[in-house]
Amino acid sequence: MDENLKTIEFPSARILGIESSCDETAAAVLENGREILSSVVASQVELHAKYGGVFPEVASRQHIQTVYAVIEQALQDAHLSVKDIDAIAVTRGPGLAGSLVVGMNAAKGLALASGVPLIGVNHLESHIYSSWINSHITEEYPEPPKFPILALLVSGGHTELNLMPDHLLYKRLGSTMDDAAGEAFDKVARLLGLPYPGGPSIQKAAKEGNPEAFNFPRAWMEGTWNFSFSGLKTAVLRVVRGIEESGKDLPVNDLAASFQAAVVEVLVGKTLSAAKQFNAAEIVVAGGVSANTALRNAILTQAEIPVHIPILKLCTDNAAMVASAGYFRFINGKRDPLDIDVLPTWPLS
Ligand code: KG4
Ligand code: ZN
């Protein structure tokens, strides 16, 4: 453990967060690590929908057009100017290089002009720290998460289990060997002819379907804390081809429900086993896929320890979570120089 790491509870600081790792341009101001003063997200979903996924060059060029307006809006909504800010936290990686560079350069420009310190933040760490923001707090769990924490991170690019003994410390237990959970949702949605982004489309179709209609494989990856979703995706593909060749209509809702059930069962099963094995006090679920209702309901009902899942608008990419992670870096004395590069494949641990 890092002996210099202080876990002082919520001293005063205002952090401006900036996020541009994928297809959302976002900025937010967070007070004392918990209170959202403003949060602006400019989504590019409609731009990319026609490609069926994120088109990297289109994403970075859209970030360029939007980034300063989004930052200005976030400051205006918070009734603050840059000089009222204690630190500028910006996503350094992982993500699309061309997209990361836009947010990073905007943050550097602001830091240089204002003298406010810059803090580069890991996008996966940001997702996890969305659970420290006040608005995720439920009546059931009114306190922030308690260590040691077992964190399940499920996004479009990553699926991993991490053990957090304390703030900013991560031990990766396992991760996906192929597709991320969100990627599997997106690919299977495309197979079923459902619109991008696939996660919400599958969830909507699944509501009308039978999760037991098809018995899709569950890759338990026994003896490891790793995941695998490509076999499941191939199994769905095989069934879809078979039905199409027979000339019958595709039972889209049943296929979506059965696929979703297979993903959720494995994510929840492995998370609960890991939490038990490593004596976690609490569980945090984070990343875009944590917006999935079936996943939320399953883990909340099956877990015997508190489970923290952000409110929906903090599950998918936003900048409040960047400011939250940046806040905990800031109060622990972490700062970055103005010549830092982006890190498109930056691991969390
Ligand atoms: O965290 P995120 O916004 O971006 C990344 O860091 O990747 O996650 C996006 C992913 C996409 O794959 C999207 O399909 C998935 O999260 N997602 C969902 C839901 N909402 C978003 N997956 C399942 N169910 C949802 N409701
Ligand atoms: Zn994300």
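Residues numbered from 1 in each chain as written. Chains lettered and ligands numbered in written order. Predicted model: local features only at pLDDT ≥ 70, side-chain atom pairs only at ≥ 80, totals over all residues. Heavy atoms only, no water.

Draft legend 1. Expanded view of the domain arrangement of the protein. Taken domain by domain, the protein consists of domain 1 (3–142 + 313–331) and domain 2 (149–305). Computed over C-alpha atoms, the centres of domain 1 and domain 2 are 26 Å apart. With 22 residues of domain 1 at the contact, the number on the domain 2 side is 22 residues. Contact between domain 1 and domain 2 buries roughly 2000 Å² in total, counting both sides, with carbon and sulfur atoms accounting for 72%. Viewed at the interface, domain 2 and domain 1 are joined by zero salt bridges. The interface formed by domain 1 and domain 2 contains six residue pairs in polar contact (both at pLDDT 80 or more). (Domains from an automatic or database assignment. Contact = heavy atoms within 4.5 Å. Buried area = accessible area lost by both parts, 1.4 Å probe. Salt bridge = Lys/Arg side-chain N within 4 Å of Asp/Glu carboxyl O. Polar contact = N/O pair within 3.5 Å; in protein donor to acceptor, adjacent residues only side chain to side chain.)

Draft legend 2. Representation of the confidence of the model for the protein. Per-residue confidence for the protein gives a mean pLDDT of 94; residues scoring 70 or more make up 95%. Counting contacts from residues 1–8, a segment whose pLDDT is below 50, to residues more than four positions away or on other chains yields 15 contacts. (pLDDT = per-residue confidence, 0-100.)

Draft legend 3. Quick peek at the site of ligand 1. Surrounding ligand 1, one finds 19 residues, the nearest of these being H127, G156, D186, Q203 and G288. In the model, a nitrogen atom of ligand 1 is placed 3.0 Å from a nitrogen or oxygen of the N292 side chain. Here an oxygen atom of ligand 1 sits 3.1 Å away from a polar atom, N or O, in the main chain of D317. The fraction of the free accessible surface of ligand 1 (550 Å²) that becomes covered by protein chains is 88%. Among the secondary structure elements, those contributing two or more residues to the shell around ligand 1 are α4 (123–129), α5 (181–191) and α6 (198–207). (Near = heavy atom within 4 Å. Areas by Shrake-Rupley, 256 points an atom, 1.4 Å probe, with all protein chains shown as cover. Helix = DSSP H or I, 4+ residues; strand = E, 2+ residues; numbered from the N terminus.)

Draft legend 4. Inspection of the packing of aromatic side chains at higher detail. The tally for this structure, following the rule as stated, stands at ten aromatic pairs. Taking the centre distance of 4.5 Å and the plane angle of 35 degrees together, the rings of Y129 and W132 count as tilted. As far as the burial class goes, Y129 and W132 line up, both buried. Centre to centre, the rings of Y327 and F328 are 5.1 Å apart; their planes meet at 90 degrees, and the pair counts as edge-to-face. Across the pair, exposure class does not vary: Y327 and F328 are buried alike. (Phe/Tyr/Trp six-rings, centres within 6.5 Å; stacked < 30°, edge-to-face > 60°. Buried < 20%, exposed > 50% of the residue type's maximum accessible area, 1.4 Å probe, protein only.)

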